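# Reading the structure
Each chain, letter by letter, is given below.
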Amino acid sequence: MVLSSIYILLVGFTNCFFFKMSWSTSDFSLEGDYLLGGLFPLHEIEHETALFSAETTECFSDFFQGTVPHMLQVMRFAVEEINNSTTLLPNVSLGYEIFDHCSNTKNFNSVLSFISKNGSIKLKEKLNNYQPKVIALTGPYGSTRTMTIAPLVTMDLIPMVNYGASSYAFSNKLHYPSFVRTIPSNKDLLEMIIHIIRWFGWNWVAFIGSQDDYSSDGLKLFNKYINNTGICLAYQEGLNLNTNYSLTLKKINKLNINVIVVFALPQYASKIIKAAIANNIQDKVWIASQAWSMNQQLPREPGIGKIGTVIGITERLLSVPGFNEFVHKARGTTDVGHNDRAEREVLGNSKTCNQVCDYCSLLTAEEIINENPTLSFAVYAAVYTIAHALHKVLQCNKNECHKNTVTKPYMLLGEIKKLDFPLSGRQVKYDDNYDPTISYAVVLWRTDVNPPQFEMVGTYDKHTEITFTINSFIRWHNNGSVPFSNCSVECKVGHSRQTEGFHSCCFTCKKCPPNSYVNFSRDPYTCFPCAEKEWYDEGSAMCKTRSVVYPQFTEIPSIIVMVSAACLVMLLIAMFRLFAYNYDTPVVKSAGGSMCFLMLISLILSSISVFFFFGKPTFVFCLLRNAIYAFFFTVCISCLTVRSFQIVCVFKMATQFPKVYNLWVKHNGQWLFVAFASLIHLISCVIWMTVNPVKLITDSWTYKDQLMLICERGDTITITIVVFLGWLLGFLCLLFSYMGRDLPKSYNEAKSITFSLIMYYLTWIAYFTAYLTLKSKYIVILNAVAQISSINGILFSYFIPKSYIIIFQPQKNTPAYFQTSIQNYTQTISRT
């Protein structure tokens, strides 16, 4: 079966080329040392008929839309330029055979000619022995045509340097080992289209293709690459000859799609655009694939401006220097204008094989030059790629090439991968899949000017890294603003999406709960809770880090309190020294004698605890700031209590209860009381610090934007006992002070003790009130202030007056003065 098929093909090939072949002009052939093959679709056959004999399809049905004569002349120009070069392939000439490859599936004759050897094809010929007719070939145009004939060429590793097949399938070197192309693949083209769509924030798009390998490959890749991009394919369709274009456009309009990607062959793209004009489709954005982005006829269609904005993607528009002069020279200076009648006569009489283009003879030089230049550089680069590879194989230098070197097609293939040469301002090189470097341009159709223009508004390069730029100002069809093409309006910050229907782009918006946020780049459909160390500010796109607050050493309030505490400590130390120096004086003895020093030491230690309220709190700081003050200040209060009791006992109870008084004096009752009270309080403090000790906690609930580092006070019961003992001693002290309010003035300390204790109570009542009502880091500073105030109350009401007498009224610090006070008190009591 296989042999019979090959036989039929060979018979058809022989019949055409050896019996019906007739060269019309030298445009299609040139002799040379090495022959290149060229395949260009000069004609287009839309309605192919089934052939039941070894007869080739004749290319005379429809002239291909005006691009191919231009490309054919570019190939001829490139060969002539290389043959005239003194540095590239010196003393070697290139020749070519060019064929009109019009049919998708049945024009094998040209390919069979290229791979033949002396007019015949031998199966399973070894590569090192096989020398086909051509050293390499370029073309054909279109992925389907290429896919049909590529296996015949690549099975013998003949370099097939293609200028117009962008299907990503050709990057598979297992299937197409010798396929090289000078245009980017669909993969790169679609990646750029997606870049454009995302750049303008669109997510509701339609994809219109055609039923061929080019479009089906594009649709498959588009669906793959829009995953996780936020783009939804709202509508897709493959166009064919029987498509109802009006119905397709109505469906797109009904879905409110304003961005339409037309990834189709030129003939189908032309029909959908013309149908849009006819159906009054307005205000759309049409993204044109490379196949029709530089179409010369569509921008001139009447009414094209009302359909919206057309954005095309093409390769960087690079001119081919010297090409225009070559065409003018080739066509002569006596070109005749286009004649419709002559055209019809020529097309009617053209019945030869596939290498004749009588229609081409009707084109003027200007018409050829002004054709769509999209693939000009691709054809030019293809010829130069073959030439540079042959230059390497022939081991050429600046003066000559080694013509006697055995040259097989597969040898060129190995050199092509290594190529890296400049050509008309662009670097030509290939990757491991024989795909070229990417250099696209974004063009805007300016249909508002006459003649229409293609304005470059962006670029896309992919060399070492992807570089995509686009102009900030584009002349949109709606007076400057970017068209809207989204299924739903984007949610405000702080609102998550709730999907509606099948597409993720269609949604409603729901406000996130407090202290949660939506990260649109991560997941726009989920409200994420903020971490404990973060907070959410309404209107923000993410959680913010909470500030950690505590009274720092460098803050003004902290400095004021610490300076006050330092002055207090120094004053207490100075007073300690003053009392020690005047220890034997009546004032010191009446103030308590040696017990004064215990009181002053307790107050000094209590004052030192103030410094542990500042800086970043730790467990040790929390322990010291509370325990030191709680214990030593209570010791001082116990001394005041026993001192008040002792004065009352001397003046009032000694005579009434002499035995009790004697026991109190004999056994040092005042010290026993202080020791007992201090021991009880010490035990309660130890229990407080061991059962449920003070610990550092982070207050994350008071302020949403702050984390307050605070010292938790521990177990409620134990701290209540500790506070109660101190306040109980203070109450007893007040009671005894009241009982001794009428004692001699020198011994009467009721007012000073009462004042200090009232100040103590009021200070802590104020502090606890603020603690329960206010939440701030400054509560800690208020705690320190409360401690300083309590200490100052005792200092200024109890010790300062006595220090004043010692320093400034020494006459009152004598035994005689105190004895007079006692006598006066005794006389007063006796009179009453």
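Here goes a summary of the coordinates provided. (Residues numbered from 1 in each chain as written. Predicted model: local features only at pLDDT ≥ 70, side-chain atom pairs only at ≥ 80, totals over all residues. Heavy atoms only, no water.)

### A closer look at the sheet that holds strand 11 (residues 259-263)
Note the following rule: DSSP-based pairing: two strands are paired if at least 2 bridges between them are found. Secondary structure elements are defined from DSSP: runs of H or I of at least 4 residues count as helices, runs of E of at least 2 residues count as strands, and each element is numbered from the N terminus. Note on definitions: angles span 0 to 180 degrees between N-to-C directions of axes, and those axes are lines fitted to C-alpha atoms, for helices only across the stretch in contact. Working rule for contacts: check all heavy atoms of both residues, and any pair within 4.5 Å makes them a contact.
The eight strands lie next to each other as 10-9-11-12-13-16-17-18, forming an open sheet whose pairing is mixed. Unpaired on one side and paired on the other, strand 10 (232-239) and strand 18 (466-470) mark the two borders of the sheet. Mean inter-strand twist for the sheet, computed between neighbouring axes without regard to direction, equals 20°. Here five bridges tie strand 9 (residues 204-210) to strand 11, and the two strands are oriented parallel to one another. Residue pairing for strand 11: Ile-208 is matched across the bridge by Val-262. Along the sheet, helix 7 (residues 245-254) makes contact with strand 9, strand 10, strand 11 and strand 12 (284-288), crossing strand 10 at roughly 180°.

### A few points about the side chain of Lys-187
Its location among the elements puts Lys-187 in helix 5 (residues 186-199). Setting aside chain neighbours within four positions, we find Lys-187 in contact with Tyr-168, Leu-221, Tyr-225 and Lys-462.

### A short note on the state of the cysteines
As a reminder, the rule being used: Cysteine sulfurs are considered disulfide-paired once they come within 2.5 Å of each other. Three exposure classes are used, based on accessible area relative to the maximum for each residue type with a 1.4 Å probe and protein chains only: buried under 20%, partly exposed in between, and exposed over 50%.
What the rule picks out here adds up to six disulfides. Put simply, Cys-512 and Cys-527 are joined by a disulfide, and their sulfur atoms are 2.0 Å apart. On the sign convention where negative is left-handed, the bridge of Cys-512 and Cys-527, at about -80° about the S-S bond, is left-handed. A residue pair is termed long-range when its members are at least 10 positions apart, and Cys-512 in the loop between strand 20 (507-511) and strand 21 (516-519) and Cys-527 in strand 22 (residues 523-529) qualify at 15 residues. The disulfide partner of Cys-622 is Cys-711, and the gap between their sulfur atoms is 1.8 Å. The sign of the S-S torsion, about -70°, decides the handedness of the disulfide formed by Cys-622 and Cys-711: left-handed. You can see Cys-622 sitting in helix 17 (residues 619-656) and its partner Cys-711 sitting in strand 27 (residues 706-712), a full 89 residues away along the chain. On the accessibility criterion, Cys-711 (14% relative accessible area) is buried. The thiol of Cys-636 is not disulfide-bonded; the next cysteine sulfur, from Cys-639, is found 6.3 Å away. Cys-636 gets classed as buried once you look at its relative accessible area, which sits at 0%. Exposure remark for Cys-639: the relative accessible area of 0% places this residue in the buried category.

### Observations concerning the side chain of Arg-546
Put simply, the test is: Two N or O atoms form a polar contact when they lie within 3.5 Å of each other; inside protein one atom must be a possible hydrogen donor and the other a possible acceptor, and for residues adjacent in sequence the pair counts only when both atoms belong to side chains.
For Arg-546, the location among the structural elements is in the loop between strand 24 (544-545) and strand 25 (547-549). At 3.4 Å, the side chain of Arg-546 forms a polar contact with the backbone oxygen of Gln-706. When residues no more than four places from it in sequence are discounted, the contact partners of Arg-546 are Asn-515, Glu-532, Lys-533, Glu-534, Trp-535, Ser-700, Trp-701, Tyr-703, Lys-704, Asp-705, Gln-706 and Leu-707.

### Thoughts on the sheet that holds strand 26 (residues 695-699)
In space, the three strands of this open sheet follow the order 25-27-26, with mixed pairing throughout. Every other strand in the sheet has two partners, leaving strand 25 and strand 26 as the edge strands with one partner each. The average angle at which neighbouring strand axes cross in this sheet is 25°, direction not considered. Pairing between strand 26 and strand 27: five bridges, direction antiparallel. Note on strand 27: the bridge partner recorded for Asp-699 is Met-708.

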